[in-house]
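In case you want the letters, here they are:
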Amino acid sequence: KTEKTEVVLLACGSFNPITNMHLRLFELAKDYLHETGKYKVIKGIISPVGDAYKKKGLISADHRVTMAKLATNNSDWVEVDDWESSQSEWLETVKVLSLNKACSHCFDTFTLAPSYKPVLTIPSFSSSLLGWVFCRGTITGSGERSFTRLYLEYSSPYSSIYKIPLFCRHHHEKLSSPDATISLQNVKLLCGSDVLESFAIPNLWKLEDITEIIQNYGLVCISRAGNSTQKFIYESDILWKYKNNIHLVEEWITNDISSTKIRRALRRGQSIRYLVPDVVRAYIEKNDLYTCHAICTPNASCFSFSFTFPEL
Amino acid sequence: MSVKSRIPLILLACGSFNPITNMHMRLFELARDHLHRTGRYQVIEGIMSPVSDDYRKKGLVSARHRIAMAKLALETSDWIRVDPWETEQESWTETVKVLRHHYNESVRLLQSKKEFMKNKQPTERSTENFLSSQCSVVPELKLLCGADFLQTFQTPNLWKKEHIQEILEEFGLVCISRAGSDPAQYIYESELLTKFQHNIFLVKEWIQNEISSTQIRYALCRGLSVKYLIPDSVIAYIAYHNIYTEESERKNEGDLLQPLKLHNTAM
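Not measured: the values here are computed from a predicted model.

Enquirer: Lay out the overall build of chain B with the relevant residues and their values.
Expert: Broken down by element type, chain B carries 14 helices and seven strands. Relative to the 2.2 N^0.38 estimate, which gives 18 Å for 267 residues, the radius of gyration of chain B is 20 Å and therefore close to what a compact globule would have. Considering only C-alpha atoms, chain B reaches an extent of 60 × 45 × 40 Å along its principal axes. Expressed as a percentage of its 267 residues, the buried residues of chain B come to 50%. At a minimum sequence separation of 6, the contacts of chain B that also span at least 24 residues come to 80%. Of the charged side chains in chain B, 33 are positive and 33 negative, and the gap between their average positions amounts to 3 Å.

Enquirer: Describe in detail the pattern of salt bridges, supporting the description with residues and values.
Expert: Residues and elements named next belong to chain B. Tallied over the entire structure, the rule returns 21 salt bridges over all chains. Residue Lys142 is joined to Glu140 by a salt bridge in which the shortest nitrogen-to-oxygen separation is 2.9 Å. Accessibility expressed as a relative area gives 26% for Glu140, which makes it partly exposed. Across the salt bridge formed by Glu210 and Arg178, the nearest N and O atoms sit 3.2 Å from each other. Remark: Arg178 occurs in strand 5 (residues 173-178) and Glu210 occurs in strand 7 (residues 209-210); sequence separation between them is 32 residues. On the accessibility criterion, Glu210 (24% relative accessible area) is partly exposed.

Enquirer: Which residues make up the interface of chain A and chain B, and what values do they have?
Expert: Each partner contributes to the interface: chain A provides 24 residues, whereas chain B provides 27 residues. A buried area of about 2400 Å², summed over both sides, lies between chain A and chain B, and 52% of it is on carbon and sulfur atoms. Its largest share of buried area at the contact with chain B, chain A owes to Trp252, Ile253 and Tyr274 of chain A, together 29% of the area lost on that side. In this structure, the connection of chain A to chain B is made through zero salt bridges. Listed by contribution, the elements that provide at least two residues to the side of chain A that touches chain B are helix 1 (20-35) and strand 11 (254-255) of chain A. Sorting elements by how many residues they give to the side of chain A that touches chain B places helix 1 of chain A first, with six residues.

Enquirer: Describe in detail helix 11 (residues 213-221) of chain B, supporting the description with residues and values.
Expert: All names here are of chain B. Listed in full, the buried residues belonging to helix 11 are Ser213, Ile216, Arg217 and Ala219. Buried residues of helix 11, viewed axially, fall in a sector of 160 degrees; they line one side. Packed against the buried residues of helix 11 are helix 1 (22-37) and helix 13 (246-249). Immediately beyond the C-terminal end of helix 11, within one or two residues, lies Gly223, with a positive phi of roughly 75 degrees.

Enquirer: Before we move on, could you go through the state of the cysteines and cite the residues and values that matter?
Expert: Residues and elements named next belong to chain B. All told, the structure shown has zero disulfides over all chains when counted by the stated rule. This cysteine, Cys14, is not joined by any disulfide, and Cys145 carries the nearest cysteine sulfur, 9.7 Å off. Residue class for Cys14 comes out partly exposed when judged on its relative accessible area of 27%. Looking at Cys145, it has no disulfide partner, and the nearest cysteine sulfur is the one in Cys175, 4.4 Å off. What makes Cys145 buried here is its relative accessible area of 4%.

Enquirer: How would you sum up the sheet that holds strand 3 (residues 80-82) of chain B? Please name residues and give values.
Expert: Residues and elements named next belong to chain B. Pairing in this open sheet of six strands is parallel, and the strands run 3-2-1-4-5-6 from one edge to the other. Of all the strands in the sheet, the pair left with one neighbour each is strand 3 and strand 6 (200-205). Each neighbouring strand pair of the sheet contributes to a mean axis angle of 25 degrees, computed without reference to strand direction. Pairing of strand 1 (residues 7-15) with strand 4 (residues 140-146), which is carried by four bridges, proceeds in the parallel orientation. From the neighbouring strand, Leu12 faces strand 4, where its bridge partner is Leu143. Against the sheet, helix 1 engages strand 1, strand 2 (41-50), strand 3, strand 4, strand 5 and strand 6, with an angle of about 160 degrees to strand 2. In the packing of helix 8 (residues 161-171) onto the sheet, contacts are made with strand 4, strand 5 and strand 6, and the angle to strand 4 comes to roughly 125 degrees.

Enquirer: Report on helix 1 of chain A, specifying residues and quantitative values.
Expert: Given 3.6 residues to a turn, an α-helix orients residues that are three or four positions apart in the same direction. Residue and element names in this part refer to chain A. Given a rise of 1.5 Å per residue, 16 residues ought to cover 22 Å, and the 22 Å separating the end C-alpha atoms of helix 1 matches this to within 8%. Of all 16 residues in helix 1, 12 are buried, a share of seventy percent or more. Buried residues of helix 1: Asn20, Met21, His22, Leu23, Arg24, Leu25, Phe26, Glu27, Leu28, Ala29, Asp31 and Leu33, and no others. Between the side-chain oxygen of the N-cap and the backbone nitrogen of Met21 there are 3.1 Å, and the N-cap of helix 1 in question is Thr19. Backbone geometry just downstream of helix 1 places Gly37 in the positive-phi region, at approximately 80 degrees.

Enquirer: Can you break down the packing of aromatic side chains residue by residue, with the values?
Expert: For the structure on display, the rule yields nine aromatic pairs over all chains. Ring centres 6.2 Å apart and planes at 75 degrees place the aromatic pair Tyr103 of chain B and Phe171 of chain B in the edge-to-face group. Taken together, the residues span a long stretch of sequence, with Tyr103 of chain B in helix 4 (residues 95-118) and Phe171 of chain B in helix 8 at a distance of 68 residues. Linked through ring pairs, Phe149, Phe153 and Trp159 of chain B together constitute an aromatic cluster. For the cation-ring pair, Lys243 of chain A lies above Trp240 of chain A, with the distance from its terminal atom to the ring centre recorded as 4.4 Å. Between the NZ or CZ atom of Lys204 of chain B and the centre of the ring of Trp206 of chain B, over which it lies, the distance is 5.6 Å.

Enquirer: Can you lay out unusual backbone geometry for me, pointing to particular residues and giving the numbers?
Expert: Most peptide bonds take the trans form, and the phi angle of most residues other than glycine is negative. Residue and element names in this part refer to chain A. Following Asn16, the chain continues to Pro17 via a peptide bond in cis, the omega torsion being 5 degrees. As for its placement among the helices and strands, Pro17 is situated in the loop between strand 1 (5-13) and helix 1. If you check the backbone angles, Tyr274 has positive phi at about 75 degrees while not being a glycine. When you line up the elements, Tyr274 lands in the loop between helix 9 (259-267) and helix 10 (278-286). Among the residues examined, Tyr274 registers a relative accessible area of 8% and is labelled buried.

Enquirer: Describe the packing of helix 2 (residues 63-73) of chain B against helix 12 (residues 232-241) of chain B, with residues and values.
Expert: All names here are of chain B. Relative orientation of the contacting elements helix 2 and helix 12 amounts to 150 degrees, with a least axis distance of 8 Å. Between helix 2 and helix 12, the angle is such that the two are roughly antiparallel. With respect to the hand of their crossing, helix 2 and helix 12 are arranged in right-handed fashion. Contacts between helix 2 and helix 12 involve Arg64, His65, Ala68, Met69, Leu72 and Ala73 from the first element and Ser233, Val234, Tyr237, Ile238 and His241 from the second. Here the residues of the contact of helix 2 with helix 12 are counted per class, giving seven nonpolar, three polar and one charged.

Enquirer: Explain the sheet that holds strand 3 (residues 78-80) of chain A to me, and be specific about the residues and the numbers.
Expert: All names here are of chain A. With respect to topology, six strands assemble into an open sheet ordered 3-2-1-8-9-10, the strand pairing being parallel. Looking at the sheet topology across the chains shown, the edges are occupied by strand 3 and strand 10 (246-250). Strand-to-strand twist in this sheet, taken as the mean axis angle between neighbours without regard to direction, amounts to 25 degrees. With four bridges connecting them, strand 1 and strand 8 (residues 186-192) associate as parallel partners.

Reading the values: rules and limits
Each residue is numbered by its place in its chain's sequence as written, counting from 1. Think of it this way: whatever chain is written first is A, whatever ligand is written first is 1, and the rest follow in order. Per-residue local features are limited, in this predicted model, to residues with pLDDT of at least 70; the limit for side-chain atom pairs, both in listing and counting, is 80 or more; totals at the level of whole chains, interfaces and linings are taken over all residues. For side-chain calculations, the full set of non-hydrogen atoms in the structure is used, while hydrogens and water are omitted. Each helix is a run of DSSP H or I of at least 4 residues and each strand a run of E of at least 2, with the numbering of both proceeding from the N terminus. Taken over C-alpha atoms, the radius of gyration is set against a globule rule of 2.2 Å times the number of residues to the power 0.38. For every residue, the accessible area (1.4 Å probe, protein chains only) is compared with the maximum for its type, and the residue is labelled buried under 20%, exposed over 50%, or partly exposed between those bounds. Contacts are assigned to residue pairs that have any heavy atoms within 4.5 Å of one another. For the purpose of counting charges, residues Lys and Arg are taken to be positive, whereas Asp and Glu are taken to be negative. His and the chain ends are not included. The atom standing in for a charge is NZ when the residue is Lys, CZ when it is Arg, CG when it is Asp and CD when it is Glu. Any Lys or Arg side-chain nitrogen found within 4 Å of a carboxyl oxygen on Asp or Glu counts as a salt bridge. As used here, buried area is the combined drop in accessible area, with a 1.4 Å probe, of two parts when they are placed together. Here the arc refers to the set of directions running from the helix axis out to each C-beta atom. Put simply, a disulfide is two cysteine sulfurs that come within 2.5 Å. For two strands to count as paired, DSSP must find a minimum of two bridges between them. Lines fitted to the C-alpha atoms define the axes, with helices restricted to the stretch that makes contact. Angles between their N-to-C directions range from 0 to 180 degrees. Here the expected span of a helix is defined as 1.5 Å times the quantity of residues minus one. In protein, a polar contact requires one atom able to donate a hydrogen and another able to accept it; more generally it is a pair of N or O atoms within 3.5 Å, and residues adjacent in sequence count only if both atoms are side-chain atoms. Only Phe, Tyr and Trp rings are paired, with Trp represented by its six-membered ring, and only when their centres lie within 6.5 Å; those with planes under 30 degrees apart are stacked, over 60 edge-to-face, the remainder tilted. A ring has a charge above it when a Lys NZ or an Arg CZ is no more than 6 Å from the ring centre and no more than 35 degrees off the ring normal. Orientation is classified from the angle alone, with under 35 degrees giving roughly parallel, over 145 giving roughly antiparallel, 65 to 115 giving roughly perpendicular, and any other angle giving oblique. Two helices that cross are described as forming a left-handed crossing if the nearer one is turned anticlockwise from the farther one by less than a right angle, and a right-handed crossing if clockwise. Classification used: nonpolar for Ala, Val, Leu, Ile, Met, Phe, Trp, Tyr, Cys and Pro, charged for Asp, Glu, Lys and Arg, polar for all others including Gly.

Okay, structure coming up:
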């Protein structure tokens, strides 16, 4: 009897909100890996992106994490990890402190009212230690204040996933730590074919990140029947090189329950029953999420101010 | 149009429901949203009517189970229910007769409500004004279906022409189609459907979620997961009673569908 490799499936994304389709990805991937006879899926992790991501229409991480937890309540193997969603605070504080030793303002980590959250739009992606750009500056209006909490707005729809190598590492470490109760061989990134195809978008990914993910972790990619994903792998040198680490799973149910469509339906007062778990639907209704009003609530205004890129 | 002056409407879906899936229930939600948006209707009820065992479709498991699963699935719905009438009949019932039955039932219910109201004291009556105004109009009953259903009208010997006409003229259809399919074409190609197209409501499902019961059964037979495609309570029921097996799939194998059998012997 051959030893089966134990696998943890990790899905990153906005989960804004979580839908039956997200949950299906886990089920499909698990079935597929078990059918190969080589793997045993022991855990699934949903890792919602943090608020600092600042994508249009992204509601607070608290809500998104809660909904994901409600949705996976009755699953015996899929769970939610809110480490990523709480990362922004931790990372920012640490990075800013280390970057700006001279400035006493850095130790001021006061919370700004939501309407004062600054948003920086950076035209080109500047790499830094963890794929974030840290800046400092001042905002005017109600007195000049120095701020140390910074956010990055990136116009790509995939900007959350550049942090994946970091989170893969985190989960790998967490799960293989001495006091972990399970032995871990493999964390695999679970995603749709859109993520795989995003590897081709110029400047979105660092080559070393793509390499690290595929080489050290591996991908389980769910795609539609008849999708061109195989062709895409063939046409990419890096993907082709590590194609044995990319598991392509075909959906046998055509399922297009995207969060975008759910949000659209909610804005229009349409029913989302049977597309998301009922507990999630009830939560959305109770908290009045994703209504027209919610999208228009005070978002960050753009403040103009000077900033310097840190030199690392 | 205020809610009070809208025409009350009941949606009826016929089918095998073998088993019921999230998609079946979604059809009701879509239809209701659409009809409410027209401003003319108030959907007051949804009825799921599983077909009788006598339909003799391949792989059709006993009505007892199909009804039980539908009941479990609809537990959380406050407006859709499953009705066992069709399954309780001795033989397979033609769709138009199912429609007639449920229409007559709703008329009967209305009349008994009116009787009830008549016997009430005036003071009690005033507090139920809203209900009584709803009661005064006989609800319309429409058949809820997918676009493939429209297509079956063209299958030889499956339908009687006068039945199709009655369904369209006396009742009406609410037909859900997915993005990419065009039921308007079937309507255009049929004289009868074109004649009554004002009574055919076409609703588009933009959020694709094609969960076929056939595929669900295959998955279950192979031990694959169907979680999030059908309700958890239904999954548990299926597992507990071991309903879908290779054996159950072979049921009625080689048999002719009852409606085809009937029409063949008639000819």
